[in-house]
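Residues per chain are reported as follows:
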Amino acid sequence: MEENMKLATVEDTVEYHLFLIPDEPRDPEKHKEILQKYIERIMTQFAPMLVPYIWQNQPFNLKYKPGKGDVPAHMFGMTKFGDNIEDEWFIVYVVKQITKEFPELVARIEDNDGEFLLIEAADFLPKWLDPDNSANRVFFHHGELCIIPVPRKPGAVSWLPSTPPTIPQALNIISTHPEEILASESIRAAVNRRIRGYPEKTQASLHRARCFLPAGIVAVLKQRPRLVAAGVQAFYLRDPTDLQACRVFKTFLPETRIMTLVTFTKCLYAQLVQQRFVPDRRSGYKMPPPSHPQYRAHELGMKLAHGFEILCSECSPHFSDSRKSFMTTSPLWAGFLESLKKNDYFEGLIEGSAQYQARLEMAKNYFQLSVNRPESSLAMSPGEEILTLLQTVPFDIEELKKEEANLPPEDDDQWLDLSPDQLDQLLQEAAGKTEAEPISKEEQNYDLSQVSESMKAFISKVSTHKGAELPRETSEAPITFDAESFLNYFDKILGPSPHESDSDDLAEEDFECLDSDDDLDLKTQETGEEASVKGTLNNLKSYMAQMDQELAHTSIGKSFTTQKQMEPLSQTTNNSDEEDSGAGGSVMTPVDIDLNLVSNILESYSSQAGLAGPASNLLQSMGVQLPDNTDHRPTRLWLPHHD
């Protein structure tokens, strides 16, 4: 027996918890009743923004979760958002607003990556905060982000535990010290920037496109617009077994196709458009030539029809009638509907009108999925829901064809083909940066010493097993560089400066314990350790000098620019004979480190051809923005000389 086995994938999921404070001891049944009333109030109050939203996989939902261990009973929700990251951030906005509207509630939210709010504000976090000690520290309260700090010394602050707090401890701290735990302005701004524009932003994330669809799908989408997500996902994640059901269509016949306007999210629309697919010739879905003015509508309709056919093929035609019964028989429905009317959900529409009925159907669907969710064993799959609608909702193909003549215009999808400049602007806006100003004539004389100084500052930073710490951007804090300390540090490793030695010698104090059996005369042991160390250093200096002399006349040695090559031409000419005669044992000319560093970085930057690469990424992370290369001729680089 062959089963439809799909690859198991880890789906992106966000979890959210709402706690009631103060968390005083209560009768469990009484506490459960209180929390369930809060769920009803929250879902009703936020219904106007949640009902019309099209979710990628699962909607925002809340249910009662009993206490377990140190975690008290609370309201809990989990949403699989898949590829649409905007679903996750919309939930962040909703949770934030819930704590603002209900000050007695405290919320925490996390996803597969853990504390993703901290990841969003990573550039502004205090150094003590890391994934190891962030558990139960990040919450929303009164609509603001809160972070419970760690005391500098154990017991220094009586109300702060030195270890990660438990949930009851965290709730007590939040209720008694709300001002002290408020996250810094920069952290809150980073999170607020990410959710800026909601709830109006939800409309901007929609895309309306014309689709040539079977009449049954048109009727289903009129009743359940959100099912477009299930249809797109079924097509997008199809496998060969799924396509066997699409060789000959049984539910959505191609002969019944009509033109309609379908509302997608931009994520769903992009998933549908970007996939190349040729239908089976036996399916009956014939495509017009690509030059046809309605080719895109035919292609979208064909793909969506395949998704809906796959959904219906996955369920039995005789699924349980208990799952067909709608959940409006629940005693909560009457109170929920009354609350919707009080919150002006129907916006003054006449009861019984077509628009009123459409909003009522959306409310019923929302109530079933988010407020009064049945157990997973009783919940209908999208395919079962589609088949149920086809059996219970009558539709007239001729009436639908009449609507075809008066369709509103579809949205422009040029946002799918962003230019590099538009993409850069979107990335800058997402990072909270303003658009870069055009380069002026004064900026063409770019100070290249900034590049070398930034690299030196980067090298001087302390790195650990967690990675290297990049200098802050110039707009946040100036890069400071102690040249004397930098040179002293390398003197200890590489030896005295070139003016003092003819090679990169090693400091004596770093080799007090060095020994060499090959080079030390055993008879000198009587003179003590000082003589042995001195002899070892002399041998090392000799070896290093010979290596320098040999490398200086190889292709590697000649690839570096030395300070002598940068001297004025007249001085170089006068000393040319001296340089040639000293090839065998003359004093080595020191390498110009700054010039070699900058020229190599600029060569790497130029080879990127305007695209992202290691040179630009490293420099931009340190706040160094190189101007575009407008002159592609080879040029000689000059840097300020530092004695």
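Looking at an unreviewed UniProt entry, one finds the chain named Protein ecdysoneless homolog isoform X1, with Callorhinus ursinus as its source organism.

Q: Can you walk me through the overall build of the chain in this structure?
A: Each helix and strand in the chain was counted, giving 25 helices and 10 strands. By residue count, 37% of the 643 residues in the chain fall in the buried class. With an accessible surface of roughly 38,000 Å², the chain has 52% of that area assigned to carbon and sulfur atoms.

Q: In this structure, what is going on with the nonpolar core? I would like to understand it.
A: In a soluble, globular protein the nonpolar side chains are often hidden away together inside. In this structure, I42, L50, F60, V95, I98, I109 and L117 are the most contacted members of the largest nonpolar core, which totals 59 residues. It is helix α3 (residues 85-101) that contributes the most residues to this core, 8 residues altogether. In this structure, I98 is in contact with L18, I42, F46, F60 and L105, ignoring residues within four places of it in sequence. Counting residues in hydrophobic clusters, the runner-up holds 43 residues, among them V220, F252, Y285 and F308.

Q: What is the right way to read the sheet that holds strand β2 (residues 63-65) from this model?
A: With respect to topology, 6 strands assemble into an open sheet ordered β2-β3-β1-β4-β5-β6, the strand pairing being antiparallel. What marks the edges here is a single partner per strand, and that holds for β2 and β6 (144-147). If you compare each strand with its neighbour and ignore which way they point, the axes differ by 35° on average. Sheet topology note: the strand β1 (residues 13-20)/strand β4 (residues 105-111) ladder contains 7 bridges and is antiparallel. Paired with E15 across the bridge in β4 is E110.

Q: Explain the environment of Q45 to me, please; I cannot follow it from the model alone.
A: The residue Q45 is located in helix α1 (residues 28-45) in this model. Each C-alpha atom, one on Q45 and one on I98, is 9.4 Å from the other, the two residues being 53 residues apart in sequence. With residues up to four places along the chain from it excluded, the contact list for Q45 reads E101, F102 and N343. Side chain to side chain, Q45 and E101 meet in a polar contact 3.4 Å long.

Q: I would appreciate a short explanation of unusual backbone geometry in the present structure.
A: For residues besides glycine, phi is generally negative; the peptide bonds are generally trans as well. A cis amide bond links Y198 with the next residue in sequence, P199, at an omega value of 5°. Position of P199 relative to the elements: it lies in the loop between α6 (185-194) and α7 (201-204). In this structure, N136 takes a positive phi of about 60° despite not being glycine. Relative to the elements of secondary structure, N136 occurs in the loop between α4 (116-120) and β5 (138-141). One non-glycine residue with positive phi stands out, namely H142, at about 55°. As for its placement among the helices and strands, H142 is situated in the loop between β5 and β6.

The rules behind these values
Residues numbered from 1 in each chain as written. Predicted model: local features only at pLDDT ≥ 70, side-chain atom pairs only at ≥ 80, totals over all residues. Heavy atoms only, no water. Helix = DSSP H or I, 4+ residues; strand = E, 2+ residues; numbered from the N terminus. Buried < 20%, exposed > 50% of the residue type's maximum accessible area, 1.4 Å probe, protein only. Areas by Shrake-Rupley, 256 points an atom, 1.4 Å probe, with all protein chains shown as cover. Core = buried A, V, L, I, M, F, W, Y, C linked by side-chain atoms within 4.5 Å. Contact = heavy atoms within 4.5 Å. Pairing = 2+ DSSP bridges. Axes fitted to C-alpha atoms, helices over the stretch in contact; angles between N-to-C directions. Polar contact = N/O pair within 3.5 Å; in protein donor to acceptor, adjacent residues only side chain to side chain.

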